[in-house]
Amino acid sequence: MALRVLVTGAAGQIAYSLLYSIAKGDVFGKDQPISLVMLDIPPMLGVVEGVVMELQDCSLPLLKECIATSDVKEAFTGTEACIMVGAMPRREGMERKDLLKANVKIFEAQGKALDSYAKKTCKVLVVGNPANTNCYTMMKNAPSIPTSNFSCLTRLDQNRAQAQIAMRLGTTCDAVTNAIIWGNHSTTQFPDVAHAKVNGTPVYEAVKDDDYLKGEFIKTVQTRGGAVIKARKLSSAMSAAKAICDHMRDWWCGTKGDQWVSMGVVSTGNKYGVAEDLIFSFPVRINADKEWQIVDGLPISDFAREKLDITAKELTEERDIAAAFLSA
Ligand code: NAX
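The model shown is predicted, which means the values in this text are computed figures rather than measured ones.

Cut-offs and rules
- Residues numbered from 1 in each chain as written.
- Predicted model: local features only at pLDDT ≥ 70, side-chain atom pairs only at ≥ 80, totals over all residues.
- Heavy atoms only, no water.
- Domains from an automatic or database assignment.
- Contact = heavy atoms within 4.5 Å.
- Buried area = accessible area lost by both parts, 1.4 Å probe.
- Salt bridge = Lys/Arg side-chain N within 4 Å of Asp/Glu carboxyl O.
- Polar contact = N/O pair within 3.5 Å; in protein donor to acceptor, adjacent residues only side chain to side chain.
- Helix = DSSP H or I, 4+ residues; strand = E, 2+ residues; numbered from the N terminus.
- Nonpolar A, V, L, I, M, F, W, Y, C, P; charged D, E, K, R; others polar.
- Near = heavy atom within 4 Å.
- Areas by Shrake-Rupley, 256 points an atom, 1.4 Å probe, with all protein chains shown as cover.
- Buried < 20%, exposed > 50% of the residue type's maximum accessible area, 1.4 Å probe, protein only.
- Pairing = 2+ DSSP bridges.
- 1 Å grid on protein atoms, 1.4 Å probe; cavity = no way out; pocket = protein on both sides within 12 Å on 5 of 7 lines; lining within 4 Å.
- Points joined across faces, edges and corners; volume = space filled by probe spheres on them.

Turning next to the domain arrangement of the chain. Split into domains, the chain comes out as domain 1 (3–152) and domain 2 (155–318). Relative to domain 2, the C-alpha centre of domain 1 lies at a distance of 23 Å. At the junction of the two partners, domain 1 supplies 34 residues and domain 2 supplies 33 residues. At the boundary of domain 1 with domain 2, total buried surface from both sides reaches about 2,600 Å², with 65% on carbon and sulfur atoms. Sorting the residues of domain 1 by area buried against domain 2 places Gln13, Lys123 and Asn132 first, and these three jointly supply 23% of that buried surface. Linking domain 1 with domain 2 are one salt bridge. Across the pair Asp277 and Lys140 runs a salt bridge, and its minimum N-O distance is 3.2 Å. Where domain 1 meets domain 2, there are ten residue pairs in polar contact (both at pLDDT 80 or more). Put simply, the parts of the chain that give the side of domain 1 that touches domain 2 at least two residues each are helix H1 (13–23), strand E4 (81–84), helix H4 (96–117), strand E5 (123–126), helix H5 (131–140) and strand E6 (150–152). Tallying contributions element by element places H5 first for the side of domain 1 that touches domain 2, with six residues. Partitioning the side of domain 1 that touches domain 2 into residue classes produces 19 nonpolar, ten polar and five charged.

This brings us to the site of the ligand. Around the ligand sit 24 residues in total, of which Gln13, Ile14, Asp40, Val127 and Asn129 are the nearest. One nitrogen or oxygen atom from the main chain of Val127 is found 3.2 Å from a nitrogen atom belonging to the ligand. Leu153 places a main-chain nitrogen or oxygen 3.3 Å from a nitrogen atom of the ligand. Contact with the protein chains covers 81% of the free accessible surface of the ligand, which is 880 Å². Of the residues that constitute the shell around the ligand, the class distribution is 13 nonpolar, ten polar and one charged. Counting contributing residues, the shell around the ligand receives three or more from each of domain 1 (3–152) and domain 2 (155–318).

Glancing now at the pairing of strand E12 (residues 261–266). Burial analysis of E12 places six of its six residues in the buried class, which makes it a mostly covered element. Two strands pair when backbone bridges link them, and E12 and strand E13 (residues 279–286) are joined in this way by six bridges, in the antiparallel orientation. Note that in E13 the partner of Ser262 across the bridge is Pro283.

Looking at the second largest pocket, its volume works out to about 380 Å³. Looking at the second largest pocket, it is lined by 20 residues, and the ones nearest its centre are Arg155, Gln158, Asn159, Gln162 and Gln259. Breaking the lining of the second largest pocket down by element, the ones donating at least two residues are helix H6 (155–169), strand E7 (176–177) and helix H11 (238–253). Of all the elements, H6 adds the most residues to the lining of the second largest pocket, at five residues.

Below, the structure written as structure tokens:
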């Protein structure tokens, strides 16, 4: 049976890389047929049709069907995995509040459609910014779907952090594991390598430069998205698509051994002193049944505490602004 996968923002630049990877089996398995549903707004449907033609021309045996639509009911009906890439971009002169408001509208409508038409087991990954808060809005509007089925993307930040350490040490990025992104996918995020390893050695021992790890390293990861825009005149797309695939594949198939990954998930149980009911990026392990659990009991230094509190404060403010825009 083909797995019904929805990608929104299908005419955009991230989707252009992402759809190919999904359709060729990088995410849901090399023997899992895919029915690919592509949602975008009506003026972009012509572009999506062009992407469909290219997917057909890629001649991918796992791709059973392509559906291009701007209708949310058609998009969400029977979906088993949703990758929410489409969002309202920040325009020049736009206040943060206005951006939040525009996105609340989108994710409220899409959350309701998810609630009405998707499979109840559907896993939802929100990528469109502000990713954490958009995910929160969607979750609140789909009460029939378990809250643990919602997550937002911070894997790109984790990949960026691990790549920086690998480059610093002149090793390959697969040698670096368990970097953590805490909090918001924004410049207040806290990229933390206090528990990360490189070939089994703690990163702090391998790098031997605490000032770098507590200063320049953090700043580089926090501002990497901006640096890419400055250089490329376009935001990260190839690396974002790769990170989406990493996130979804690990959610679908489980994490390996001692390794954990970072995902924005709902905060409950006062884990690491984070307020309840935020979509906050934590280290998680995932089992073969697609269930994630926040990694427990990692020691948090005073330095880390301060950083966690900064990003939690920002997220609480964003969430409260968004919540005020939610229709009753
Ligand atoms: P593009 O502007 O290339 O594409 C976005 C697409 O979404 C457009 O085709 C647009 O028509 C569509 N869209 C807008 N409203 C929609 C709606 N209501 N329903 C369906 N589709 C809709 O942006 P792209 O570079 O692909 O980035 C997409 C989003 O990912 C942005 O919000 C961006 O900020 C965010 N990112 C998030 C990242 C993360 O780590 N969480 C990293 C990468 C990226 O910056």
